[in-house]
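# Structural overview
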Amino acid sequence: MKISTSEYVIREVFFSLRRNSWMAIASISTVAVSLFIFGMFMILVMNMNRMAESLESQVEISVYLKDDVKESSIDDIRGTIESMQGIDTVTFVGKEEAMKRFQERLGEQKFLLEAIGDTNPLPNAFEVKVKHPDMVKAAADEISKIKGVESAKYGQDVVQHMFDITRLIRVFGFAVMVLLAGATLFIISNTIRLTVFARRKEIAIMKYVGATDWFIRWPFMLEGIVLGFFGGVVAAGALRIAYGMVTNKIYDTLAFFPLIPMFPFIGYVGIGILVCGMVIGAIGSTISLKRFLNA
Amino acid sequence: MIQMKDISKTYENGTVALERVNVEIGKGEFVFIVGASGAGKSTFIRLLFREVLPSSGTLIVNGHDVVNMPKSEVPYLRRGLGVVFQDYRLLPDKTVAENVAFAMQVIEAPRRRMQHSVNAVLDIVGLRDKYKNFPSQLSGGEQQRVAIARAIVNNPALVIADEPTGNLDPETSWEIMDIFKRINASGTTIVMATHDKYIVDTMKRRVIAIEDGKIVRDEAQGVYGYEN
Ligand SMILES: Nc1ncnc2c1ncn2[C@@H]1O[C@H](COP(=O)(O)OP(=O)(O)O)[C@@H](O)[C@H]1O
Ligand SMILES: [Mg+2]
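Residues numbered from 1 in each chain as written. Chains lettered and ligands numbered in written order. Predicted model: local features only at pLDDT ≥ 70, side-chain atom pairs only at ≥ 80, totals over all residues.

Now for the overall build of chain A. Counting its regular elements, chain A contains nine helices and four strands. Ordered by position from the N terminus, the helices and strands of chain A form the series α-α-β-α-β-α-β-α-β-α-α-α-α. Against the globule reference of 19 Å for 295 residues, chain A gives a C-alpha radius of gyration of 30 Å, more extended than a compact globule. Taken along its principal axes, the extent of the C-alpha atoms in chain A is 95 × 40 × 30 Å. Burial statistics for chain A: of 295 residues in total, 27% are counted as buried. Counting contacts in chain A only where the partners sit at least 6 residues apart, residues at least 24 apart contribute 87% of the total. (Helix = DSSP H or I, 4+ residues; strand = E, 2+ residues; numbered from the N terminus. Rg over C-alpha atoms; globule rule 2.2 N^0.38 Å. Buried ≥ 20, exposed ≤ 12 C-beta atoms within 10 Å, placed from the backbone. Contact = placed C-beta atoms within 7 Å.)

This is the structure in structure tokens:
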């Protein structure tokens, strides 16, 4: 594009936004709100994905040993498990180690343990990882029959349940995101439609004297992109603040909930929102112009 | 300049506006399209710059195959033409000079030529001293002169005008015709639809008469031939 044309385009956009400044502010605000909700669902879905992934990789069998098992037979049991089909790793977690881990997990809520004093109710255990998640059930059944093993648990129900919930949230979240993208498109294309209507004479003359469709389209497209961009900036800022509050709250109360850390994650979300806003703005203005360019 | 063969135009609602029209217009000609209201003059004009597409037939304008050209080529057809309407169609919030320059700007003409070309065409139409005025500060004749300046600023090979004097009194109409005569004298082809009997009869140029969408007369130095 020629420099004089770029100047023309930028000047046109500037004048148009100033002429309809209230309309522009109103549509930037509405776009911001809908991109904000869009972003919330994006964050939710991504966190759900991450949770599902971490659960998937964590599918392991906890093998609790009976209290009366002697130190010497612990190695025998480990050997038996290791010799079974499809076993990946076997890690011993002694009573003391288990208690230490539990305390760490509780973090600031460690005081809860004061109630049980110095006793350690946790058993000796093995953490067994299998090569494939679908081998879990068979392996757990076999392990539980070994002498000296109290129980072999793998929380299959919980895992399955979580998968179901995350799938639901993913589908629902995606549907809501599509809906909000549609709403944003509608808002922007309506705003641009007003500009196009105000300048329909100019567009007609441009066509008579031989302006190309792209030349006519540019200022409107850029106007839509600008609306989408500013809406996106406001939404991204608000998301940054909101996610900050949510992560703080969750670290305070649910310490081991695996939220995606704020940085750089929220930066990517912000960029995603901006790009979405701008793309939607471009598409919205193209839609508004279509009728006038084909006429 | 214009080769029209077996051109027919039927609008979407079924109105037959032109029927099997054959016209050949050479470079540098000055042609009047005459006929009663509803005869098909405007349709003829609008076909030339592809505002409407013919229903059948072939049409070559200034080397462009108007019927088969892709949509993306239409702007380039129009850059070789200047179009003037009865209602001027100026932009009210732009000055005279800006209205004329607008036609150069939107086809991305080099900016250094702009000032010079705008001045030159404003000289031709005699409005150099009013370049700063807005259309609302001009008479009808002056507004039409701005529209003509805009139509010729990109040096078109062909100027087409649809009843350019339709809203003007006889004296002003003559001033406008004088400008068209001068543009034509510089080699530009002119096709003008009109139902101004006096102008046609006095100019003694080629006259193509249309009745009910058909050409009924095509004379080299014709007259209007109807009573108004
Ligand atoms: N856009 C249109 N849709 C339908 N009919 C039209 C349209 N434009 C013109 N016509 C009809 O086509 C015929 C020719 O019109 P037009 O070319 O405007 O004639 P003129 O300019 O000689 O008055 C008329 O009957 C008119 O009503
Ligand atoms: Mg007409």
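Another point: the overall build of chain B. Each helix and strand counted, chain B has seven helices and ten strands in total. A separation threshold of at least 6 residues defines the contact pool for chain B, and within that pool the share at least 24 residues apart is 68%.

The share of residues in chain A with pLDDT of 70 or more is 96%, and the mean pLDDT across the chain is 85. When mean pLDDT is taken per element in chain A, helix α8 (residues 213-253) of chain A scores highest with 91 and helix α6 (residues 156-198) of chain A scores lowest with 83. (pLDDT = per-residue confidence, 0-100.)

Moving on, we get to the environment of Arg79(B). Mapped onto the elements, Arg79(B) comes out in helix α2 (residues 74-79). Setting aside residues up to four positions removed in sequence, Arg79(B) forms contacts with Gly210(A), Ile107(B) and Asn154(B).

Quick look at the packing of helix α5 (residues 140-152) of chain B against helix α6 (residues 170-185) of chain B now. Residues and elements named next belong to chain B. At their nearest, the axes of α5 and α6 sit 9 Å apart, and the two run at 15° to each other. Considered as vectors, α5 and α6 are oriented roughly parallel to each other. When the axes of α5 and α6 are compared, the crossing they make is right-handed. Of α6, the residues touching α5 (which contributes Gly 140, Gly 141, Gln 144, Arg 145, Ile 148 and Ile 152) are Thr 172, Glu 175, Ile 176, Ile 179 and Ile 183. For the contact of α5 with α6, the per-class residue count stands at five nonpolar, four polar and two charged. (Axes fitted to C-alpha atoms, helices over the stretch in contact; angles between N-to-C directions. Parallel < 35°, antiparallel > 145°, perpendicular 65-115°, else oblique. Left-handed = near helix turned anticlockwise from the far one by under 90°. Nonpolar A, V, L, I, M, F, W, Y, C, P; charged D, E, K, R; others polar.)

All names here are of chain B. Around ligand 1, the neighbouring residues are Tyr 11, Asn 13, Thr 15, Ala 17, Gly 35, Ser 37, Gly 38, Ala 39, Gly 40, Lys 41, Ser 42 and Thr 43. It is helix α1 (residues 41-48) that provides the largest number of residues to the shell around ligand 1, a total of three residues. A class-by-class count of the residues in the shell around ligand 1 yields three nonpolar, eight polar and one charged. (Near = placed C-beta within 6 Å.)

Let's shift gears to the interface of chain B and chain A. Where interface size is quoted, it is often the accessible area lost as the parts come together. With 13 residues of chain B at the contact, the number on the chain A side is 14 residues. In terms of residues, the side of chain B that touches chain A owes the most to one element, α2(B), which gives four residues. Residue composition of the side of chain B that touches chain A, by class: seven nonpolar, one polar and five charged.

With that settled, consider the packing of helix α3 (residues 96-105) of chain B against α5(B). Residue and element names in this part refer to chain B. Interhelical geometry of α3 versus α5 gives an angle of 30° and a closest axis separation of 8 Å. Viewed along their axes, α3 and α5 adopt a mutual orientation that is roughly parallel. Handedness of the crossing formed by α3 with α5: right-handed. For the pair α3 and α5, the contacting residues are Val 96, Asn 99, Val 100 and Ala 103 in the first and Val 146, Ala 149 and Arg 150 in the second. Partitioning the contact of α3 with α5 into residue classes produces five nonpolar, one polar and one charged.

Glancing now at the sheet that holds strand β3 (residues 30-34) of chain B. All names here are of chain B. Read across the sheet, six strands follow the order β6-β7-β8-β3-β9-β10 without closing on themselves; strand pairing throughout is mixed. Two strands bound the open sheet, and with one partner strand each, they are β6 (81-84) and β10 (214-219). Each adjacent strand pair in this sheet contributes to an overall mean axis angle of 15°, direction not counted. Relative to strand β9 (residues 206-211), β3 is paired through four bridges, and the arrangement is parallel. Each bridged residue has a counterpart across the sheet, and for Val 31 the counterpart in β9 is Arg 206. Its contacts with the sheet place α1 against β3, β7 (158-162), β8 (189-193) and β9, and it is angled at close to 145° to β8. Across the sheet, α5 is in contact with β6 and β7; its angle to β6 comes to roughly 165°. (Pairing = 2+ DSSP bridges.)

The next subject is the domain arrangement of chain B. Residues and elements named next belong to chain B. In terms of domain boundaries, chain B breaks down into domain 1 (1-80 + 159-228) and domain 2 (90-155). Taking only C-alpha atoms, the centre of domain 1 and the centre of domain 2 are 24 Å apart. The partner domain 2 presents eleven residues to the eleven residues of domain 1 that form the contact. Here the element with the most residues in the side of domain 1 that touches domain 2 is α6; it accounts for six residues. For the side of domain 1 that touches domain 2, the residue count by class is six nonpolar, two polar and three charged. (Domains from an automatic or database assignment.)

Our focus in this paragraph is the sheet that holds strand β3 (residues 125-130) of chain A. All names here are of chain A. The antiparallel open sheet is built from four strands, whose spatial order is β2-β3-β1-β4. Two strands bound the open sheet, and with one partner strand each, they are β2 (87-93) and β4 (149-153). Going from strand to strand, the sheet's axes swing by 20° on average, the running direction of each strand aside. Examined bridge by bridge, β2 and β3 share six bridges and lie antiparallel to one another. Along β3, the bridge assignment pairs Thr 89 with Lys 129. Here helix α3 (residues 71-82) sits on the sheet in contact with β1 (61-65), β2, β3 and β4, set at roughly 165° to β2. Across the face of the sheet, helix α5 (residues 136-144) comes into contact with β1, β2, β3 and β4 while running at roughly 170° to β4.

A word on unusual backbone geometry. Between Phe263(A) and the following residue, Pro264(A), the backbone shows a cis peptide bond with an omega angle of 0°. Note that Pro264(A) resides in helix α9 (residues 262-294). Positive phi is not limited to glycine here, since Tyr88(B) has a value of about 65°. Along the chain, Tyr88(B) falls in the loop between β6 and α3. A positive phi angle, near 45°, is found at Glu163(B), a position not held by glycine.

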